[in-house]
Amino acid sequence: MLGITLKVASVGFLVSMSAMIKLVGDGIPVGQIVFFRAFFAILPVVVYLGYRGQLGQAYYTKRPLAHLGRSIVGCFGMGLGFYGLTKLPLPDVVALRHATPLFAVIFAAILLGERVRLYRWAAVAMGMCGVLIISWPRITLFDGVGNVDEYHGVIATILSTIFAAVATIFVRALVKTEKSPTIVIYFSSMASFFAAMTYFFGWVPLDLYNATLLVSCGIIGGIGQILMTECYRHASVSVIAPFDYTSILFGIALSYILFGDLPQSQMLIGTAIVAAAGIFIIFREHRLGLPRKESRRQTGSQT
């Protein structure tokens, strides 16, 4: 129960972070948003690692290039995801992000040579149909259905899930030799550096309201990341992972409270299909004994 409670709490923090980014709007460059998300997330992570006595070893690694690759991929995924947030309703973005496990299965087969049998391929195909149902009203520009901004938002969000899936593959390779705190701190630090470089492409001055939101989203994101890490200490991934889909409920509730948005029927139908496919893949991988615990723990909270 403690593991489930921590998981649901982490999901609530991370969806709240996404809502804050949406409140900021699309007037602030994505690189600037990524910097605040990554840099200020370091603060609670450092406190957490210090409390556990792991801060001294956090930066010790024998695989800096692997961390670099994982951070570049993760940074692109984060930026694309934040761009999608500025263009689409919050529940749609949350639902589309759950396509990440579907893409992870595909990349595991291609890049890691993992054997994927018919059941998981069928689940991936079903989940992709759900993604299409969610996306179709946004990408159909005929007869006034959808608009260009929403079209770009859908494409960016789907690309962000692809980058997140590739990041999962990086993490699955890293966890064989690296400690969890090392993976977390390297990503946050490198993402902050890469995002800071976008300053030269034009950041904008922040008023107190937007600055407070961006700093808060970084801190809240870091806390969500810690809770995500802790939940796996108290229950197995097969028990906890399905509760990741409570993010859809949080997203619908916050979207209605903050923006007055109600989910469309296509979004609800597509989300149910994606969630069913994702949960099936989780249980199938658990039954096959595939190592997903660490990769979920490290990549599930990066956006």
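Residues numbered from 1 in each chain as written. Predicted model: local features only at pLDDT ≥ 70, side-chain atom pairs only at ≥ 80, totals over all residues. Heavy atoms only, no water.

*Asks:* Sorry if this is basic, but what is going on with the overall build of the protein here?
*Replies:* Check the secondary structure of the protein and you find 13 helices and zero strands. Going residue by residue from the N terminus, the α and β elements of the protein occur as α-α-α-α-α-α-α-α-α-α-α-α-α. Taken over C-alpha atoms, the radius of gyration comes to 18 Å for the protein, in line with the 19 Å a tight globule of 303 residues would show. Dimensions of the protein, computed from C-alpha atoms along their principal axes, come out at roughly 60 × 50 × 35 Å. Per-residue burial over the protein gives 54% buried out of 303 residues. Expressed as a percentage of contacts within the protein between residues at least 6 apart in sequence, the contacts between residues at least 24 apart total 87%. Accessible area for the protein stands at about 13,400 Å²; split by element, carbon and sulfur atoms hold 70% of it. Taking the average location of the 23 positive side-chain charges in the protein and that of its 13 negative ones, the two points are 15 Å from each other. (Helix = DSSP H or I, 4+ residues; strand = E, 2+ residues; numbered from the N terminus. Rg over C-alpha atoms; globule rule 2.2 N^0.38 Å. Buried < 20%, exposed > 50% of the residue type's maximum accessible area, 1.4 Å probe, protein only. Contact = heavy atoms within 4.5 Å. Areas by Shrake-Rupley, 256 points an atom, 1.4 Å probe, with all protein chains shown as cover. Lys, Arg positive; Asp, Glu negative; His and termini not counted. Charge placed at Lys NZ, Arg CZ, Asp CG, Glu CD.)

*Asks:* How should the packing of helix H3 (residues 64-87) against helix H8 (residues 180-196) be read in this particular structure?
*Replies:* For any two helices packed against each other, the geometry is given by the interaxial angle and the distance between the axes. Where H3 meets H8, the axes come as close as 9 Å, and the angle between the chain directions of the two elements is 60°. Regarding the angle of H3 to H8, the classification is oblique. Between H3 and H8 lies a crossing of right-handed hand. Contacts from Pro64, His67, Leu68, Arg70, Ser71, Ile72, Gly74, Cys75 and Met78 of H3 reach H8 at Thr182, Ile183, Tyr186, Phe187, Met190, Ala191 and Phe194. Looking at the contact of H3 with H8, its residues break down into 11 nonpolar, four polar and one charged. (Axes fitted to C-alpha atoms, helices over the stretch in contact; angles between N-to-C directions. Parallel < 35°, antiparallel > 145°, perpendicular 65-115°, else oblique. Left-handed = near helix turned anticlockwise from the far one by under 90°. Nonpolar A, V, L, I, M, F, W, Y, C, P; charged D, E, K, R; others polar.)

*Asks:* Looking at this model, I keep getting lost on helix H4 (residues 90-97). Mind explaining?
*Replies:* With eight of its eight residues buried, H4 lies for the most part within the structure. The complete set of buried residues in H4 reads Leu90, Pro91, Asp92, Val93, Val94, Ala95, Leu96 and Arg97.

*Asks:* Please clarify how a nonpolar patch on the surface should be interpreted in this entry.
*Replies:* Side chains of Phe193, Met197, Tyr199, Phe200 and Phe201 sit close together on the surface and give an oily, nonpolar patch of about 660 Å² of accessible area. For phenylalanine 200, a relative accessible area of 65% translates into the label exposed. (Patch = residues over 30% accessible without salt bridge, like charges linked within 9 Å, V, L, I, M, F, W, Y side chains within 5 Å. Salt bridge = Lys/Arg side-chain N within 4 Å of Asp/Glu carboxyl O.)

*Asks:* Got a minute to help me understand the environment of cysteine 75 in this structure?
*Replies:* Mapping cysteine 75 onto the fold places it in helix H3. For cysteine 75 and leucine 132, which are 57 residues apart along the polypeptide, the C-alpha to C-alpha distance reads 25 Å. In this view, cysteine 75 contacts Val34, Phe187, Ala191 and Phe194; residues no more than four positions away in its chain are not counted.

*Asks:* In this structure, what is going on with helix H1 (residues 2-24)? I would like to understand it.
*Replies:* Think of an α-helix as turning once every 3.6 residues; residues three or four places apart then point the same way. Over its 23 residues, H1 extends 33 Å from the first C-alpha to the last, a length consistent with the 33 Å expected when each residue adds 1.5 Å. After H1 finishes, the residue glycine 25 shows a positive phi value of roughly 90°. (Expected span 1.5 Å × (residues − 1).)

*Asks:* What is the right way to read the nonpolar core from this model?
*Replies:* The nonpolar side chains of a soluble globular protein tend to be buried with one another. In this structure, Ile21, Phe82, Leu90 and Leu214 are the most contacted members of the largest nonpolar core, which totals 59 residues. Top contributing element to this core by residue count: H1, with seven residues. (Core = buried A, V, L, I, M, F, W, Y, C linked by side-chain atoms within 4.5 Å.)

*Asks:* Just to check I follow, could you spell out the packing of H1 against helix H9 (residues 208-231) for this structure?
*Replies:* Two elements in contact, H1 and H9, have axes whose closest approach is 8 Å; the angle formed by their N-to-C orientations is 160°. Comparing the axis directions of H1 and H9 gives the class roughly antiparallel. Taken as a pair, H1 and H9 cross one another with a handedness that is left-handed.

*Asks:* I'm lost on the packing of aromatic side chains in this one. Help?
*Replies:* Working definition: an aromatic ring pair is given by the centre-to-centre distance plus the angle between the planes. Here the structure, examined in full by the defined rule, presents 10 aromatic pairs. On the numbers, 5.3 Å between centres and 10° between planes, the contact of phenylalanine 35 with phenylalanine 39 is stacked. Of the two residues, phenylalanine 35 and phenylalanine 39 both sit in helix H2 (residues 30-51), four residues apart, roughly one turn of that helix. Since its relative accessible area comes to 17%, phenylalanine 35 is described here as buried. Where phenylalanine 76 meets phenylalanine 163, the ring centres are 5.7 Å apart and the plane angle is 20°; that geometry is what we call stacked. Placement of phenylalanine 76 in helix H3 and of phenylalanine 163 in helix H7 (residues 148-174) is noted, with a sequence separation of 87 residues between them. Given a relative accessible area of 27%, phenylalanine 163 falls into the partly exposed group. (Phe/Tyr/Trp six-rings, centres within 6.5 Å; stacked < 30°, edge-to-face > 60°.)

*Asks:* For this particular structure, what's the right way to read the pattern of salt bridges?
*Replies:* In a structure, side chains of opposite charge can pair up when their charged atoms sit close to one another. Counted under the stated rule, the structure contains one salt bridge. Its salt-bridge partner being lysine 7, residue aspartate 244 comes within 3.7 Å of it at the nearest N-O pair. In this pair, aspartate 244 is assigned in the loop between helix H10 (237-240) and helix H11 (246-259) and lysine 7 in helix H1, connecting sequence segments 237 residues apart. Taking the relative accessible area as the measure of exposure, aspartate 244 reaches 24% and is therefore partly exposed.

In short, shape yes, function no, at least from these values alone.
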